[in-house]
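# Results of the structural survey
Each chain, letter by letter, is given below.
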Amino acid sequence: MHPLRVYVADDLDNIFDVSGVRKLEAFFEKTIKPLAEADVGPDHVVGIRERFYSERKLFDLPIKCLINEEKIVQAEGEISGNRSYLSQIPQRQWPYIPAHDAGDFTFGLCSAYTEALRAATGLPAFAMSATRYLPQCGGNLGYIHSFILHPDGEAEDVWGKGPIQHIAKRFHVLEYALNEELHTLVVQEINKNSPEPYAIAYERAKNLIEQHRGKKPNK
């Protein structure tokens, strides 16, 4: 794999880059794809994959330009002075799990995080199944994500607590169904087929919840 670019994103496909604020699809088409084609040639771009990294991990990545602390300070000043740009970045939902961890538990590991959260809160866990996607998007119908459900009707997953529609929007789902039994079946299937990776993911989720989901800060 060839590292192409480092950028900041939220859980709704919004990209916050030096080139501006754009949706992931447009960012890939206008920024990432040309970089890939310039790097290996347009006929050799097989696919582009994302990885989630902590800020500190960036210093160890084999990127083409080494990270410079002075330039980081300069960039922070430029960003802080651009109020219009900052106003377009949404506020994170409590409990503020580190974004690189949240990214890992968004796709594929959400059931393990949900089980750890269910054990910590005693709240019921549900599976979301897509029954219809947005016209411009697509995907397999059926199970897509797990989360716990609060008494007020809001859902909570690794990205925090909020309306269920927020999660549906993240996966480009227009219509969905919720099922408690389906989540249980998903966990059982993963435990059956991949018991060791699931156990590791569950312990990691448990530690994140214990570390970050304490008393909600006052605002």
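Below: a short report on this structure. (Residues numbered from 1 in each chain as written. Predicted model: local features only at pLDDT ≥ 70, side-chain atom pairs only at ≥ 80, totals over all residues. Heavy atoms only, no water.)

The subject of this paragraph is helix α7 (residues 180-193). Counted at 1.5 Å a residue, the expected span for α7 with its 14 residues is 20 Å, and the 21 Å between its end C-alpha atoms agrees. Those residues of α7 lying buried are His 183, Val 186 and Val 187. Projected down its long axis, α7 carries its buried residues within an arc of 95°, all on one side. Away from its buried face by more than 90 degrees, α7 exposes Glu 181, Lys 192 and Asn 193. Where the residues of α7 are buried, they touch α5 (110-121), β4 (125-133), β5 (142-149), β8 (173-179) and α8 (195-212). Backbone nitrogen of Glu 181 and a side-chain oxygen of the N-cap are separated by 2.8 Å at the start of α7; the cap is Asn 179. (Helix = DSSP H or I, 4+ residues; strand = E, 2+ residues; numbered from the N terminus. Expected span 1.5 Å × (residues − 1). Buried < 20%, exposed > 50% of the residue type's maximum accessible area, 1.4 Å probe, protein only. Arc of directions from axis to C-beta. Contact = heavy atoms within 4.5 Å. Polar contact = N/O pair within 3.5 Å; in protein donor to acceptor, adjacent residues only side chain to side chain.)

A few words now on the packing of α5 against α8. Packed helices, taken two at a time, are described by their axes: the angle between them and the distance between them. Between α5 and α8, whose axes approach to 8 Å, the crossing angle comes to 50°. Here α5 lies oblique to α8, going by the angle between them. Crossing hand, α5 versus α8: right-handed. Between α5, through Ser 111, Ala 112, Tyr 113, Glu 115, Ala 116, Leu 117, Ala 119 and Ala 120, and α8, the contact on the second element is made entirely by Tyr 198, Ala 201, Tyr 202, Ala 205, Lys 206 and Ile 209. (Axes fitted to C-alpha atoms, helices over the stretch in contact; angles between N-to-C directions. Parallel < 35°, antiparallel > 145°, perpendicular 65-115°, else oblique. Left-handed = near helix turned anticlockwise from the far one by under 90°.)

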